[in-house]
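This is what each chain is made of:
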Amino acid sequence: YIFITESGLEVHTIEAGKHIQTTENLPVTITVPKVNFEIDVITTDFDIQPFEYKDVSEIFILSDIHGQFDSFVKLLKNGNVIDDKLNWIFGEGHLVIIGDVFDRGDTETECLWLIYKLEREAWRNGGQVHFTYGNHEIMVMQNDLRYLNEKYIQTAEMMNIQIERRYDANSFLGKWLRTKNTIVEINNMLLCHAGISCEIYYTGIKPRRINSLIRDNIGTKRDMINSDKKLSLLFKSKGPIWYRGYFGESEDSG
């Protein structure tokens, strides 16, 4: 975990059951423990990705990784997106991860760092990585931790931080996550985690506006979201991160 402070980058590493804390200045190279790939951290400023893309010849789409790093890597290798050293080999292709990287599994952080790494490598090769919000990303960033793996409670205790701090706006990954879209359009296909309900469609809210409203209100208190008709629609069961109307009733938690 990396936190952005006035004195530099506060880096916390948990390896072999031990907590190591250092203070670093940009640029810095971080090795992700256990999976042993390197991350070059050269900036703490992130641009919001464009929403619309045309003439994309190759697209690889997946979702619901849920903190399962090994399965994630296997899928990417089988899709010829990465090589055995976890490097981007998809050229100008677009990798689309439509939500729910968070929760349940115990290698959530490794998944996030790999996405960050591939995002930079793809851009250098003319490709793109799109990581859109699922309901579990929004839940975690709004401090709804009901599906959090027990490992991360222990990790926060070892680092002596409040667990909500891991992905808040002053954490490196949290700041990066707050630049993401909910919907992306590629070759006239709308891609999102759940779907576009009739209720959303008939409001006339355009996907670009949906992206900004959700992104800009992640930190808005729940009672304020509930009191705003448009925000309530976007963040609840009829919104693009939760909607299940295509498939009938489901008892699954998402």
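Everything discussed here concerns the structure shown above.
Draft legend 1. Main features of the pattern of salt bridges. Using the criterion set out here, one finds 12 salt bridges in the structure. As a salt-bridge pair, E52 and K54 come within 3.3 Å of each other at their nearest N and O atoms. A salt bridge links E52 to R208, with the nearest nitrogen and oxygen atoms 3.8 Å apart. Within this pair, whereas E52 is found in strand β6 (residues 52–53), its partner R208 is found in helix α7 (residues 207–216), the two being separated by 156 residues in sequence. Overlapping salt bridges bring together E52, K54, E185 and R208 as one network.

Draft legend 2. Up close: helix α2 (residues 108–124). In a regular helix each residue adds 1.5 Å, so 17 residues correspond to 24 Å; α2 covers 25 Å between its end C-alpha atoms and thus fits that length. By the criterion of burial, α2 is predominantly enclosed, with 14 of the 17 residues buried. G126, located one to two residues past α2, shows a positive phi value of around 85°.

Draft legend 3. Spatial organisation of the sheet that holds strand β8 (residues 94–98). Judged by pairing direction, the sheet is parallel, and its three strands sit side by side in the order β7-β8-β9 without closing on themselves. The open sheet has two edge strands with one neighbour each: β7 (59–62) and β9 (128–132). Put simply, the sheet's adjacent strands are angled 10° from each other on average, direction ignored. Relative to β9, β8 runs parallel, the two sharing five bridges. Across the sheet, residue I98 finds its bridge partner in β9, namely T132. In the packing of helix α1 (residues 69–78) onto the sheet, the strands contacted are β7 and β8, and the crossing angle to β7 comes to about 155°. Sitting on the sheet, α2 touches β8 and β9, and the angle it makes with β9 is about 145°.

Draft legend 4. Here's a closer look at helix α4 (residues 150–159). Listed as buried for α4 are Y152, T155, A156 and M159. For α4, the angular spread of buried residues about the axis comes to 100°, placing them on one side. For α4, the secondary structure elements touched by its buried residues are β2 (8–15), β3 (18–24) and α2. Phi turns positive, to about 60°, at N160, one or two residues after α4.

Calculation criteria
Residues numbered from 1 in each chain as written. Predicted model: local features only at pLDDT ≥ 70, side-chain atom pairs only at ≥ 80, totals over all residues. Heavy atoms only, no water. Salt bridge = Lys/Arg side-chain N within 4 Å of Asp/Glu carboxyl O. Helix = DSSP H or I, 4+ residues; strand = E, 2+ residues; numbered from the N terminus. Expected span 1.5 Å × (residues − 1). Buried < 20%, exposed > 50% of the residue type's maximum accessible area, 1.4 Å probe, protein only. Pairing = 2+ DSSP bridges. Axes fitted to C-alpha atoms, helices over the stretch in contact; angles between N-to-C directions. Contact = heavy atoms within 4.5 Å. Arc of directions from axis to C-beta.

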